[in-house]
Amino acid sequence: MKTTAFHLVTRKETPQDAEIISHQLMIRTGMIRKLGAGLYTWAPLGLRVLQKVEQIIRDEMNASGALEMLMPAVQPKELWQETGRIEDFGGQLLAIKDRAERDYFFGPTHEEVITDFVRNEINSYKQLPINFYQIQTKFRDEIRPRFGVMRSREFIMKDAYSFHLTQESLEQTYQTMQQAYTNIINRIGLDFRCVLADSGAIGGSGSQEFHVIADSGEDAIMYSDSGDYAANLEKCEAVSLLHERQAPTAALNKVSTPGQKTIEDLCKFLAIDSSQTIKTLLVAGTEKPVALVVRGDHSLNEVKAANLAAVASPLRMIDDEEIKALTGCDAGSIGVKGLDTTIIVDRTVANMSDFVCGGNENDFHYTGVNWERDANFDAIEDLRDAMVGDPSPDGVGTLQVARGIEVGHIFQLGNKYSKAMNAVVLNEQGKSKAMEMGCYGMGVSRMVAAAIEQHHDDKGIIWPANIAPFSVAILPMNYQKSERVKQAADELYAKLQARGIEVILDDRKVRPGFMMSDFELLGIPHQVIIGDRSLDENQVEYRNRTDMESMKINRDTIETVLAEKIKA
RNA sequence: CGGGGUAUAGCGCAGCCUGGUAGCGCAACUGCUUUGGGAGCAGUGGGUCGGGAGUUCGAAUCUCUCUACCCCGACCA
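Residues numbered from 1 in each chain as written. Chains lettered and ligands numbered in written order. Predicted model: local features only at pLDDT ≥ 70, side-chain atom pairs only at ≥ 80, totals over all residues. Heavy atoms only, no water.

Undergrad: Describe in detail the pattern of salt bridges, supporting the description with residues and values.
TA: Counted under the stated rule, the structure contains 40 salt bridges. Between D390 and R384 there is a salt bridge, with its nearest N and O atoms 3.0 Å apart. The exposure class assigned to D390 is buried, which follows from its relative accessible area of 4%. Residue E559 is joined to R499 by a salt bridge in which the shortest nitrogen-to-oxygen separation is 2.7 Å. Here E559, found in helix α16 (residues 558-567), pairs with R499, found in the loop between α13 (483-498) and β27 (503-505); they are 60 residues apart in sequence, far enough to count as distant. Assessed through its relative accessible area of 17%, E559 is described here as buried. Judged by its relative accessible area of 41%, R499 is partly exposed. A single network of salt bridges, built from pairs that share partners, joins E142, R146, R151 and E218. (Salt bridge = Lys/Arg side-chain N within 4 Å of Asp/Glu carboxyl O. Buried < 20%, exposed > 50% of the residue type's maximum accessible area, 1.4 Å probe, protein only. Helix = DSSP H or I, 4+ residues; strand = E, 2+ residues; numbered from the N terminus.)

Undergrad: Describe helix α6 (residues 167-188), with residues and values.
TA: Between its first and last C-alpha atoms α6 spans 31 Å; for 22 residues at 1.5 Å apiece the expected length is 32 Å, and the two agree. By the burial criterion, the buried members of α6 are S169, L170, T173, Y174, M177, Q178, A180, Y181, I184, I185 and I188. Phi turns positive, to about 95°, at G189, one or two residues after α6. (Expected span 1.5 Å × (residues − 1).)

Undergrad: Residue-level account of the environment of E264, with values.
TA: By the secondary structure assignment, E264 is in helix α7 (residues 263-270). Judged by relative accessible area, E264 falls into the exposed class, the value being 57%. When the C-alpha positions of E264 and F147 are compared, they lie 34 Å apart, and in sequence the two are 117 residues distant.

Undergrad: Explain the packing of helix α2 (residues 44-63) against helix α12 (residues 444-454) residue by residue, including any values.
TA: At a minimum axis separation of 9 Å, α2 and α12 run at an interaxial angle of 115°. One finds that α2 runs roughly perpendicular with respect to α12. In the packing of α2 onto α12, the handedness of the crossing is right-handed. Taking contact as the criterion, the partners of V49, L50, V53, E54 and I57 in α2 are, on α12, V444, S445, M447 and V448. For the contact of α2 with α12, the per-class residue count stands at 7 nonpolar, 1 polar and 1 charged. (Axes fitted to C-alpha atoms, helices over the stretch in contact; angles between N-to-C directions. Parallel < 35°, antiparallel > 145°, perpendicular 65-115°, else oblique. Left-handed = near helix turned anticlockwise from the far one by under 90°. Contact = heavy atoms within 4.5 Å. Nonpolar A, V, L, I, M, F, W, Y, C, P; charged D, E, K, R; others polar.)

Note that all results are geometric; they support no functional claim without further evidence.
Structure (structure tokens):
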């Protein structure tokens, strides 16, 4: 490709509304352009990268035995009524009507459609296991799209769905998918971790996420510094920090604490550490409000809380009026002593003794509070966020934290959908059985952004070799005037093309500095600079985008040198 | 959806308070010079000032209203 025949429109200035580096660089290089909130056009340059990611995914999925197909993006509402998921997805579903006023959704995911397909196509256990996948545009009406294609409303996803007679078979395919995902992200060339995850609106028993490690990641990943344990913070088990409960040593004491509302204020006022206090949080329950209690220096894990049977999902803190009605005090003074509602405490809290809590009366707290003697709870649960320095839940090592971008998520769904939609097969005994199901998602467009987040410097993108839009850039100095430079550049261009190497030659009439800055921004891995100066010595200059060290290479050997570097 | 903000040329912004012929930088186009680190000079094109309504002799500017977009919180590939 020659630049004058390509669509190359770069910008020197960083766009005003782009917050994270991948978004900025994708706009500056002209890979994408915004059409509306969370809606992006992929320009030819961006599409080249997107298609490389897509092809790597396709290769590995095919190698794993999965079968590619393509389902409609538009789905009849009736399918979603069968599984009752309209509520789960809420406002994220984009609803549309056809000319006859029939209701449809633009698909945010395809469990319903594939299950409908499979219940009609698959009747016998002999046809199982089977794993279908597609690479397709999805739409989710995100409350707040941001970060360019990282969290857009319309995006490209690879989604796969496997069907099985038994749980064992499901687990086998799940493992295969885990391996395929590992292969995919390795081939793309990104640093990632596979972590335990909450399964959210998709449902099912077990799930893991694949996170590309990057400081701008929206998720916190907890991992053991010396073991294999790794989990999304939302899911990460938090162990009790106290092995057993000590016997009370202090007497219960009601103290006046005028105006002390936050834990921080209270600790200063009483000259104690926040780990000696507890936080009592009142949330809406399925029947009555529930008190969730974590230690003063801990934070409530909202995903864990919402997953509790007694707690309403999604999680909602009750408002000031409801608090007043229940406790007689305001939010800053709630405590467990004499509190008349369901009380669920965190594991650590259950083992605390001689602690401090609110007095359920404004401007009063209790010190020296002890369980059983002074107050009781109804259940012990894992309620808090794990923290750096906690013991790893599997007993090996200590937890550390990293930021991650979720690019993949795999689930064991079990028979949630097959039961709801009556997707059954006959087993060996001729008996009808609901199929076991797995599903496996991967964000294709998000992967491109994640790659940039992980691979850039202050000059621009540094593409990993396997997804670079071009492998080699030929940068001729004074291509327009110097016949000798033009000849040398055109010759190398033709030779590389003949070898099937993806090469871009910059034949624009621009000054050298402009050209070099442009290609640093674009991040093409291998760059060859051809100028009269080096041609005098029958040489050209080679530069690698990663280290930017330049070296002179004989003009006659540059072609084979490049071919070897690209193969390596 | 709640809170905050913005909307003027392709991009980044000024002008608005105090109403009077729409401006700057970058980008684009033409010419000349320059050619190994985002060049210089001269010139050119491009805007119903987000939409609608109102006040006024006169509205980018004042008032009302709608819309879009961005940021902060709850969701997810």
